[in-house]
Amino acid sequence: MTLSTRRRPIAILVIGAAVVALSACSAFGPLVPADEPVRDDDGRIIEPNEQTDAFALQVGDCLDDGTATGEVQTVPTVPCDEPHDSEIYSAHLLGQSQYPGDDIVVDKAEALCLPAFEQFVGEPYLESRFDFSFYYPTAESWATGDREVLCVIYDPEGPVTGTLEGVTD
């Protein structure tokens, strides 16, 4: 899976596969994989995790990924009520059996994330001060079955606290 930061001009970052290792959060805490975020019963992240597996991310997760560059296997996650760089607002599966190439995957991701942006924020992308990027499959992750695009919203001016769902200028 890859991350493309869409900052009005497009820049592309790559996310590779991650190795899952098990560890306990504390001696008496829940047993969860080290790269899985701790979630409440509603699926919201309730504890920061510097090493969340990119494939464990889901809609509603808040990320501290503002400094991510190049290939990454993990993404820092935090509860959305804490300052964060971005939030996953939509997820989509691509259906091709053969990897169509980076350019086509990026074009499809943009085509999927753009209308979802307006639905999530409540205003058209071109009228919003917010921007979006997306995680998408690489040729390597595609070969292992990855077909998911995760759309991510962020404020170009810096970290936010709380969800950006329904937020307008």
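Owing to the predicted nature of the structure, the values given are computational and were not obtained by experimental measurement.

**Let's talk about the nonpolar core**
Phase 1: The biggest cluster of nonpolar side chains holds 21 residues, and the ones touching the most others in it are Y89, C113, F117, F132, F134, V149 and I153.
Phase 2: Those elements that place two or more of their residues in this core are α1 (102-121), β10 (131-136) and β11 (148-154).
Phase 3: The dominant element in this core, judged by the number of residues it contributes, is α1, at eight residues.
Phase 4: Leave out the neighbours within four places in its chain, and V149 touches S90, A91, H92, L94, A109, C113, F134, Y135, Y136 and P137.

**Description of a negative patch on the surface**
Phase 1: Among the surface-exposed residues, D102, D103, D107 and E140 lie close enough to one another that they form a single negatively charged patch.
Phase 2: Structurally, the position occupied by D103 is in helix α1.

**Considering the state of the cysteines**
Phase 1: Applying the stated criterion to the full structure yields two disulfides.
Phase 2: With a sulfur-sulfur separation of 1.9 Å, C62 is cross-linked through a disulfide to C80. Across the S-S bond of C62 and C80 the torsion is about 100 degrees, and the bridge reads as right-handed. Pair noted here: C62 is in strand β6 (residues 62-63) and C80 is in the loop between β8 (74-78) and β9 (86-93), with a separation of 18 residues, a long-range link.
Phase 3: Owing to a relative accessible area of 0%, C62 belongs among the buried residues under this scheme.
Phase 4: In this model C113 forms its disulfide with C151; the gap between the sulfur atoms is 2.1 Å. Disulfide C113-C151: torsion about the S-S bond near -85 degrees, hence left-handed. You can see C113 sitting in helix α1 and its partner C151 sitting in strand β11, a full 38 residues away along the chain. Take C113 and C151: they sit in the same class, and that class is buried.
Phase 5: Shown here for the chain is a disulfide pattern of 1-2, 3-4, where each number marks a bonded cysteine counted in sequence order.

**Some points on the confidence of the model for the chain**
Phase 1: Confidence in the prediction of the chain, expressed as mean pLDDT, is 82, and 78% of residues score 70 or more.
Phase 2: Segment residues 5-32: pLDDT under 50, and 78 contacts once partners within four positions in sequence are set aside and those in other chains are kept.

**Focus on the environment of S90**
Phase 1: Position of S90 among the secondary structure elements: in strand β9.
Phase 2: Under the relative-accessibility criterion, S90 is labelled buried at 11%.
Phase 3: When residues no more than four places from it in sequence are discounted, the contact partners of S90 are V59, A116, V149, L150 and C151.

Quick notes on the rules
- Residues numbered from 1 in each chain as written.
- Predicted model: local features only at pLDDT ≥ 70, side-chain atom pairs only at ≥ 80, totals over all residues.
- Heavy atoms only, no water.
- Core = buried A, V, L, I, M, F, W, Y, C linked by side-chain atoms within 4.5 Å.
- Buried < 20%, exposed > 50% of the residue type's maximum accessible area, 1.4 Å probe, protein only.
- Helix = DSSP H or I, 4+ residues; strand = E, 2+ residues; numbered from the N terminus.
- Contact = heavy atoms within 4.5 Å.
- Patch = residues over 30% accessible without salt bridge, like charges linked within 9 Å, V, L, I, M, F, W, Y side chains within 5 Å.
- Areas by Shrake-Rupley, 256 points an atom, 1.4 Å probe, with all protein chains shown as cover.
- Salt bridge = Lys/Arg side-chain N within 4 Å of Asp/Glu carboxyl O.
- Lys, Arg positive; Asp, Glu negative; His and termini not counted.
- Charge placed at Lys NZ, Arg CZ, Asp CG, Glu CD.
- Disulfide = S-S within 2.5 Å.
- pLDDT = per-residue confidence, 0-100.

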